[in-house]
Amino acid sequence: MQVLDEESPGSRLIYGCMGLGGSWEDGRYGAREVDLAEAAVAAAVESGIGRFDHADIYRRGSAESVFGEVLRRAPELRARIRIQGKVGIRLAAGDVVGHYDLGAVAIREGVLGSIERLGVERLDVLLLHRPDPLWEPVEVASAVAELQRDGLVGDVGASNMSTAQLVALQDALGTPLVANQLEMSLARHGFVDSAVLVNHPDNVGTDFPHGMLEHCGRRGIELQAWGALAAGRYTGGSAVDGRTAATAALVARMAADLGVTPEAVVLGWLMRHPARIAPVVGTTNPDRIRACAQAESVAAAMTRVQWYTLYTAARGKPVP
Ligand SMILES: NC(=O)c1ccc[n+]([C@@H]2O[C@H](COP(=O)([O-])OP(=O)(O)OC[C@H]3O[C@@H](n4cnc5c(N)ncnc54)[C@H](OP(=O)(O)O)[C@@H]3O)[C@@H](O)[C@H]2O)c1
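Residues numbered from 1 in each chain as written. Predicted model: local features only at pLDDT ≥ 70, side-chain atom pairs only at ≥ 80, totals over all residues. Heavy atoms only, no water.

J.: Got a sec to walk through the packing of aromatic side chains? Specific residues and values, please.
T.: In the structure shown here, the tally under the stated rule is eight aromatic pairs. Ring geometry for Trp24 and Tyr58: centres 6.4 Å apart, planes at 75°, overall edge-to-face. You can see Trp24 sitting in the loop between strand S1 (14-16) and helix H1 (31-46) and its partner Tyr58 sitting in the loop between strand S2 (51-53) and helix H2 (62-73), a full 34 residues away along the chain. Residue Tyr58 is classed as buried on the basis of its relative accessible area of 7%. (Phe/Tyr/Trp six-rings, centres within 6.5 Å; stacked < 30°, edge-to-face > 60°. Helix = DSSP H or I, 4+ residues; strand = E, 2+ residues; numbered from the N terminus. Buried < 20%, exposed > 50% of the residue type's maximum accessible area, 1.4 Å probe, protein only.)

Given below as structure tokens:
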């Protein structure tokens, strides 16, 4: 397996490991799940992806466990990849969330559990999975600092947080926040709407945190996009409505014209944005993973007209 350097096409992509492992019910897995994970990781690495996104809750820990088995089969891989984990959610039954917990004990236990399942010495990046209304940023910061002092965590970032929450967290932390992971895609285009609809009556309920792009740009916080493939709805998955079907047809035409895959067009649209968004790709299908590899070059070549054409098709009306 070959990991390409930072400048290589596709290297801004992150592979999302939520689909690996056993069931959400009990997390049980067998050799088949490890083989599937190995094939997915190999396809990601072949595609130039060097970062892997985990969370302690994915498949009740078994996403990390099968990834750990993959690393045991190919130990040389560890030094060539970066592993990102997340803590702060407690599951109830299945994949249903019980509550959030960004208390010091939960943060430490979460990280220790992930490290053990992955069989690694540390998490290169730790994201705080979701804002916990009962959090105390100073307590979070002290738990993170202790983990960093112990060499168990490298950098720290956030996920699903608002701009004000990032500021409150950063005020307490001793090291710079490196990332905020939010849902962003052609389907979840609130990050564009919030810019386009300033001072416009349609700007009601725009579902993206106010000022996020500008804040992250100024502070050097990477915006990571989860759900970046929009669950395949524009790339061969089932279209839920006419607007989605029309957008999928446009994506297919553009891909054919450019001689690339539809996945590269969908991700290239995100990456063309000057916020330098890093898509987190969650498909477990090796062919679909490889189909993402050209996204960076599509982004580099995408014209303003192509970008706006995709955006207006996905939003279902022209810009005001
Ligand atoms: N921070 C957070 O709160 C948060 C939340 C959710 C996810 N994440 C992270 O982001 C990653 C990606 O998110 P995601 O998995 O929700 O979104 P995604 O990458 O947009 O979608 C992946 C899902 O879509 C399916 N899919 C993709 N292309 C398809 C196609 N052409 N036809 C049919 N199905 C298709 C995949 O099935 P196949 O596997 O069969 O291809 C998979 O179930 C996750 O793995 C996780 O690491 C983070």
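J.: An account of the sheet that holds strand S6 (residues 123-128) is requested, with residue identities and associated values reported.
T.: With respect to topology, eight strands assemble into a closed barrel ordered S1-S2-S3-S6-S7-S8-S9-S10, the strand pairing being parallel. The sheet shows a mean angle of 30° between the axes of neighbouring strands, direction not considered. Relative to strand S7 (residues 153-159), S6 runs parallel, the two being bridged by five bridges. From the neighbouring strand, Leu128 faces S7, where its bridge partner is Ala158. (Pairing = 2+ DSSP bridges. Axes fitted to C-alpha atoms, helices over the stretch in contact; angles between N-to-C directions.)

J.: Run through the site of the ligand, naming residues and quoting values.
T.: Around the ligand sit 27 residues, and of these Asp53, Asn160, Thr283, Thr284 and Arg288 come closest. Contact distances for the ligand include 3.2 Å between an oxygen atom and a backbone N or O atom of Met18. Thr283 places a side-chain nitrogen or oxygen 2.5 Å from an oxygen atom of the ligand. Summarising the interface, the protein chains cover 80% of the accessible area of the ligand, which totals 890 Å² for the free molecule. Classifying every residue of the shell around the ligand gives ten nonpolar, 14 polar and three charged. No fewer than three residues from each of domain 1 (8-183) and domain 2 (184-320) sit in the shell around the ligand. (Near = heavy atom within 4 Å. Polar contact = N/O pair within 3.5 Å; in protein donor to acceptor, adjacent residues only side chain to side chain. Areas by Shrake-Rupley, 256 points an atom, 1.4 Å probe, with all protein chains shown as cover. Nonpolar A, V, L, I, M, F, W, Y, C, P; charged D, E, K, R; others polar. Domains from an automatic or database assignment.)

J.: Talk me through the side chain of Asn160; I want residue IDs and the actual numbers.
T.: On the secondary structure map, Asn160 appears in the loop between S7 and helix H5 (163-172). For Asn160, a relative accessible area of 17% gives the class buried. A distance of 3.1 Å separates the side chain of Asn160 from the backbone oxygen of His129, its partner in a polar contact. Among the polar contacts listed, one links the side chain of Asn160 to the side chain of Ser159, at a separation of 3.2 Å. Filtering out sequence-adjacent residues up to four positions away, Asn160 remains in contact with His129, Arg130, Pro131, Gln165, Asn180, Gln181, Leu182 and Trp226. (Contact = heavy atoms within 4.5 Å.)

J.: Can you explain the UniProt feature "domain: NADP-dependent oxidoreductase" (unreviewed entry) in the chain? Please cite residues and give values.
T.: In the numbering used here, UniProt assigns the feature "domain: NADP-dependent oxidoreductase" (unreviewed entry) to residues 12-297. The span residues 12-297 shows a helical share of 41% and a strand share of 17%, and its end C-alpha atoms are spaced 11 Å apart. (UniProt positions renumbered as here; feature names shortened; annotations may be inferred.)

J.: I'd like a description of the nonpolar core, backed by residues and values.
T.: Ranked by internal contacts, the top residues of the largest apolar core, which has 86 residues, are Phe67 and Trp269. Residue contributions to this core reach at least three from each of two domains, namely domain 1 (8-183) and domain 2 (184-320). Setting aside its immediate chain neighbours within four residues, Trp269 contacts Ser185, Leu186, His189, Phe191, Val192, Met302, Trp307, Leu310 and Tyr311. (Core = buried A, V, L, I, M, F, W, Y, C linked by side-chain atoms within 4.5 Å.)

J.: Got a sec to walk through unusual backbone geometry? Specific residues and values, please.
T.: For Arg60, which is not glycine, the phi torsion reads 55° and is therefore positive. Relative to the helices and strands, Arg60 resides in the loop between S2 and H2. Note on Arg60: relative accessible area 32%, which makes it partly exposed. At Ala231, a residue that is not glycine, the phi angle is positive and equals roughly 55°. Checked against the element boundaries, Ala231 lands in the loop between strand S9 (222-226) and helix H8 (242-258).

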